[in-house]
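Report on the structure
Letter by letter, the chains look like this.
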Amino acid sequence: EAARIRPDAFAELVGRYQDRIFNYAFRMTGSREDAQDVAQETFIRVYTHLDRFRTEERFSPWIYRIATNVCLNHLKRRKRAAAALPDSFRRS
């Protein structure tokens, strides 16, 4: 609730969850760079959608659901981009 009003409260949420979300994203993507991108995008989405969070619910499942969705979207984009490459550029 406080994160909706005070930016320092949102910074506290980021501090509390940033390592966990990064590690989760790393396990899903297998790439440090992708995990950093996913974690950043997750926190951007959390911030822009704080008004959708139901305060009677726990925060951790909500942020992990967002992280999961961001990861899945990222992996789909990566797969489409790889499919668009000529065969000579694809990883074996």
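Check the entry above for the structure.
What counts and what doesn't
- Residues numbered from 1 in each chain as written.
- Predicted model: local features only at pLDDT ≥ 70, side-chain atom pairs only at ≥ 80, totals over all residues.
- Heavy atoms only, no water.
- Core = buried A, V, L, I, M, F, W, Y, C linked by side-chain atoms within 4.5 Å.
- Buried < 20%, exposed > 50% of the residue type's maximum accessible area, 1.4 Å probe, protein only.
- Helix = DSSP H or I, 4+ residues; strand = E, 2+ residues; numbered from the N terminus.
- Contact = heavy atoms within 4.5 Å.
- Salt bridge = Lys/Arg side-chain N within 4 Å of Asp/Glu carboxyl O.

Let's talk about the nonpolar core
The biggest cluster of nonpolar side chains holds 22 residues, and the ones touching the most others in it are Tyr17, Ile21, Val46, Phe59, Trp62 and Ile63. For this core, the secondary structure elements donating two or more residues are α2 (7-29), α3 (32-48) and α4 (59-84). At 8 residues, α2 tops the list of elements feeding residues into this core. Residues in contact with Ile21, not counting those within four places in the same chain, are Ala39, Thr42, Phe43, Ile63, Tyr64 and Ala67.

Some thoughts on the pattern of salt bridges
What the rule picks out here adds up to 5 salt bridges. For the salt bridge of Glu12 with Arg16, the shortest nitrogen-to-oxygen distance reads 2.9 Å. Within this pair, Glu12 and its partner Arg16 are both found in helix α2, separated by 4 residues, close to a single helical turn. By relative accessible area, Arg16 is classed as partly exposed at 43%. Between Glu57 and Arg54 there is a salt bridge; the shortest N-O distance is 3.8 Å. Residue Glu57 is classed as partly exposed on the basis of its relative accessible area, which comes to 41%. By sharing partners, the salt bridges in this structure join Arg54, Glu56 and Glu57 into a single network.

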